[in-house]
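Chain and residue survey
As a plain string of letters, each chain reads:
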Amino acid sequence: MAAAYGSVFFLKAFWGLFLRDLRVLMRELMPFLLRVGMQPLLFLFVFTFILPRIGGSANPMTAAAGASFGTILLPGLMAVAIMFTGIASVALPLSTEFGITREIDDRVMCPLPLWAVALEKVSFSAMQSIIGALLVIPMAYYVPAVPVRADIHNWPLLALVMVLSSLLAGSMGLAIGSMVPPKQIGLIFSIILVPITFLGCVYYSWSGLDKIPWLQIAVLFNPIVYMSEGLRASVTPSIAHMPWWAILVALVFFSAALGKLGLRGFLKRVLS
Amino acid sequence: MTLLIVEIEALTKIYESKLRVVALDGIDLELHQGEIFGLLGPNGAGKTTTISIATTRALPTSGAVRIDGIDVVRQPAQARRLIGVVPQFNTLDRSLTVYENVYFHCRYFGFSHAQAKARSLELLEQFMLSERKATYPTQLSGGLAQRVQIARAIAHRPKVLFLDEPSAGLDPQSRMAMWTAVEGLRKEGITVLLTTHYMEEADTLSDRVAVIDYGRVLALGSPEKLKQTFGAETIFDLKLKSLDALEPVIATLQALAGVTSAEATAEGLRVIASTSDGLLPTLVQATASHGLRDLAITEPSLETVFIRLTGRDLRE
């Protein structure tokens, strides 16, 4: 009986934190949508609308990429949306909360175990990441010169990949937000996140890297590769992709590892 | 039923970094239900560390803190339901209005929307913040922010309220208002533990006081009892023009009836006496040859208790 009461209380407290984050997000909804939508929108616009329209002679890249570039881009852009939104929506507020206002004191007054407070932050960011990723799908249909149709047969796989990817990104955000001071967060984005994205099979598929074997092996250490490939497997399966079991194992592994790292960093900052 | 609402047992906190800092060196305290307890000591004494551990923000090196029987280290989430904290700094949620700060705090503690709304409006009324309910924390003065923090802290009706240096940064009017508010909490049955380095705050507000320095409790009791035991003495601080050859003067003064001690200080003399009767003219006469420039008299107070116990001023 006490245990049941305890878990009800736990859920209410968790929901309370979630509601607070929701209220703040609603207040800043426009900026959120702009932040999440701008990059994929522009990318699709330039690479799948402008360049094909201009014609192959003007830009060799489109000739090489072909009309199916949009198909390759779609899951990649979804992965980028998850990565950036996921990390930013945890790291930026967290860095502020640990900053001069010590607002973390306010959150930690909540009668939840500290790991649950961290989990709430990661979960809320996961929700935002998923929204960001889903927004890319209609964009990929309407923006390109040749519409990209999402070919989703395996809904469970898609759901699993999206959830795992967004938890992974959220955990990275937790680690970054706890360990990096606000002033240096911009630096982290330029030095770590941008390279990860460019070397994350976002703009090209992993199987395509057959021609550069050393790179194909090297990028296996990059978690975003599994996010892109996982989304490729579930959204645009026509493009060759990594086997689904490998993707899931890697996603689970990276989520667990980054989750542990993030939680450790968070606890270290919260508890003296 | 435990009447001891807070039990602090052999609490130790040692920070091991480049320097080994002993913040707390074995603190033992017990708070009775409904009392206002003051932890008095200078900066660095260990007051904030004690509160941090009691409010689950820091882990002790050894020892225990129990709130209504619940160990704060073993069951921190449970303990947090029973305590309210008003931290030293303004930690209000900057992204929420005054009303929302209190409202969401209620939601964290399992209140339904209706309950949270009712409680928040009630508290804003109680602390005269109703007009400011749509204001953001960055627009509030120190005194107002403090009131919101108190409202937030008691929203979920905790058994114990911890106030860390509540007067810090407040103007005298806000301070008085805060004291009135804290006194009012007594009626609601809330036990209060406050830390301070202001003697008057400990004296006026607290039922009992613990004097703390260098991580240890030096004395414990009601302000009256402490003054009787340790500080029933008046302190005379004399500023002298000439500091040479003070020994004969010191010897003369020490020989006087009622004088406990006389010692040289950087600016002149400090005489501690159990009575001030007739002492003043004697002091002036005795130091005439040395050019008495200023004389300060400190009546028996917790300040003198502190000086007696530690040999230094509260505000050093």
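Residues numbered from 1 in each chain as written. Chains lettered and ligands numbered in written order. Predicted model: local features only at pLDDT ≥ 70, side-chain atom pairs only at ≥ 80, totals over all residues.

1. Section: the overall build of chain B
Definition in use: Each helix is a run of H or I in the DSSP string that is no shorter than four residues. Each strand is a run of E no shorter than two, and both are numbered from the N terminus. We call two residues in contact whenever the C-beta atoms placed from their backbones are within 7 Å.
Within chain B one finds 11 helices and 14 strands. Considered along the principal axes of its C-alpha atoms, chain B spans approximately 75 × 45 × 40 Å. Relative to all contacts within chain B whose residues are 6 or more apart in sequence, the contacts with residues 24 or more apart total 70%.

2. Considerations on the packing of helix H6 (residues 114-142) of chain A against helix H7 (residues 155-179) of chain A
Residues and elements named next belong to chain A. Quick note on the threshold: Comment: axis = line fitted to C-alpha atoms, over the contacting stretch for helices; angle = value between 0 and 180 degrees taken between N-to-C directions. For this classification, under 35 degrees means roughly parallel, over 145 means roughly antiparallel, 65 to 115 means roughly perpendicular, and everything else is oblique. Should the near helix be turned anticlockwise from the far one by less than a right angle, the crossing is left-handed, and should it be turned clockwise, the crossing is right-handed. All residues other than Ala, Val, Leu, Ile, Met, Phe, Trp, Tyr, Cys, Pro, Asp, Glu, Lys and Arg, Gly among them, are scored as polar; the first ten of these are nonpolar and the last four charged.
Remark: H6 packs on H7, axes separated minimally by 8 Å, with the N-to-C direction vectors making an angle of 125°. Classified by the angle their axes make, H6 and H7 are oblique. Seen from above, H6 lies across H7 with right-handed handedness. Taken together, the residues of H7 that come into contact with H6 (itself represented by Ala118, Lys121, Val122, Ser125, Ala126, Ser129, Ile130 and Ala133) are Met162, Val163, Ser166, Leu167, Ala169, Gly170, Ser171, Gly173 and Leu174. In terms of residue class, the contact of H6 with H7 is built from 10 nonpolar, 6 polar and 1 charged.

3. Regarding the interface of chain B and chain A
Facing 23 residues of chain B, the contacting portion of chain A comprises 21 residues. Only helix H2 (76-82) and helix H3 (98-108) of chain B provide two or more residues apiece to the side of chain B that touches chain A. Ranked by the residues each element gives to the side of chain B that touches chain A, the list is headed by H3 of chain B, at 5 residues. Residues of the side of chain B that touches chain A, tallied by class, amount to 11 nonpolar, 5 polar and 7 charged.

4. What about the pairing of strand E6 (residues 83-86) of chain B?
A regular strand places its side chains on the two faces of the sheet in alternate fashion. Residues and elements named next belong to chain B. Here is the rule: Any residue with 12 or fewer other C-beta atoms within 10 Å of its own C-beta is exposed, any with 20 or more is buried, and the rest are partly exposed; the C-beta atoms used are placed from the backbone. Two strands qualify as a pair provided that DSSP identifies no fewer than 2 bridges between them.
Every second residue of E6 is oriented toward a common face, with Ile83 and Val85 on one face and Gly84 and Val86 on the other, all of them buried. Bridge count between E6 and strand E7 (residues 160-164): 4 bridges; the pairing is parallel. In the sheet register, Ile83 faces E7, and the bridge partner there is Val160.

5. Some words on the sheet that holds strand E1 (residues 4-16) of chain B
Residues and elements named next belong to chain B. One open sheet holds the 4 strands; their spatial order is E2-E1-E4-E5, and the pairing between them is antiparallel. Lying at the two open borders of the sheet, with one neighbouring strand each, are strand E2 (20-32) and strand E5 (70-71). Bridge count between strand E4 (residues 62-67) and E5: 2 bridges; the pairing is antiparallel. Opposite Ile67, over in E5, you have Ile70 as the bridge partner. Where helix H1 (residues 47-54) meets the sheet, its contacts fall on E1, E2 and E4, and the angle it forms with E1 comes to roughly 115°.

6. Examining the sheet that holds strand E8 (residues 191-196) of chain B
Residue and element names in this part refer to chain B. An order of E6-E7-E8-E3-E9-E10 is seen for the 6 strands of this open sheet, with the pairing classed as mixed. Two strands close off the open sheet at either side, each with one partner strand: E6 and strand E10 (216-221). The mean angle between the axes of side-by-side strands here comes to 15°, regardless of whether they run parallel or antiparallel. Note: strand E3 (residues 36-40) against strand E9 (residues 208-213), 4 bridges, orientation parallel. By the bridge assignment, Leu40 is partnered in E9 with Val211. Lying on the sheet, H1 is in contact with E3, E7, E8 and E9; it crosses E7 at an angle near 145°. Across the sheet, helix H5 (residues 142-154) is in contact with E6 and E7; its angle to E6 comes to roughly 170°.

7. Digging into unusual backbone geometry
Residues and elements named next belong to chain B. Its identity as a non-glycine residue notwithstanding, Met128 has a phi of 55°, on the positive side. In this model, Glu165 sits at a positive phi of 50°, which is unusual for a non-glycine residue. Checked against the element boundaries, Glu165 lands in the loop between E7 and helix H6 (172-187). For Glu165, a count of 21 C-beta atoms within 10 Å gives the class buried.

8. Some thoughts on the pairing of E1 of chain B
Residue and element names in this part refer to chain B. Both E1 and E2 contribute to a ladder of 10 bridges, which runs antiparallel. Across the sheet, Glu16 pairs through a bridge with Arg20, a residue of E2. Between the end of E1 and the start of E2, which pair antiparallel, lie 3 residues. For E1 and E4, the ladder comprises 5 bridges, and the chain directions are antiparallel. Bridge assignment links Val6 to a residue of E4, and that residue is Ile67.

9. Here's the deal with the environment of Leu253 of chain B
Residues and elements named next belong to chain B. Its place among the elements puts Leu253 in helix H9 (residues 247-255). The sequence separation of Leu253 and His32 amounts to 221 residues, and the corresponding C-alpha distance is 44 Å. The contact partners of Leu253, leaving out residues within four places of it in the chain, are Val259, Ala262, Val271 and Ala286.

10. A look at H5 of chain B
For an α-helix, the turn length of 3.6 residues means that residues three or four places apart are oriented alike. All names here are of chain B. The cut-off we apply is this: Here the expected span of a helix is defined as 1.5 Å times the quantity of residues minus one.
In this model, H5 (13 residues) spans 19 Å end to end at C-alpha, consistent with the 18 Å of a helix rising 1.5 Å per residue. Of all the 13 residues making up H5, 10 are buried; the element is thus mostly covered by neighbouring parts of the structure. Among all positions of H5, only Ala145, Gln146, Arg147, Val148, Gln149, Ile150, Ala151, Arg152, Ala153 and Ile154 are buried. Its buried side turned inward, H5 meets E6, H3, helix H4 (113-126), E7 and H6.

11. Some points on the packing of H3 of chain B against H4 of chain B
Geometry of a packed helix pair, given as the angle between the helix axes and the separation of the axes. Residue and element names in this part refer to chain B. The interhelical angle for the contact between H3 and H4, taken along N-to-C directions, is 135°, at an axis separation of 9 Å. As judged from the angle between their axes, H3 and H4 are oblique. For the pair H3 and H4, the sense of crossing is right-handed. Across the interface between the two elements, Tyr99, Val102, Tyr103, Cys106 and Arg107 from H3 touch Gln115, Ala116, Lys117, Arg119, Ser120, Leu123 and Leu124 from H4. Residue classes in the contact of H3 with H4 are distributed as 7 nonpolar, 2 polar and 3 charged.

12. Some points on the confidence of the model for chain B
What counts here: Residue-level confidence of the predictor is what pLDDT reports, using numbers from 0 through 100.
When pLDDT is averaged along chain B, the result is 90, and 97% of the positions lie at 70 or above. This complex was scored by the predictor with a pTM of 0.86 and an ipTM of 0.88.

13. Looking at helix H11 (residues 302-310) of chain B
Residue and element names in this part refer to chain B. For H11, the tally of buried residues reaches 7 of 9 residues, placing the bulk of the element in the interior. Turning to H11, its buried residues number three or more, namely Leu302, Glu303, Thr304, Val305, Phe306, Ile307 and Arg308. Just past H11, the residue Gly311 takes up positive phi, approximately 80°.

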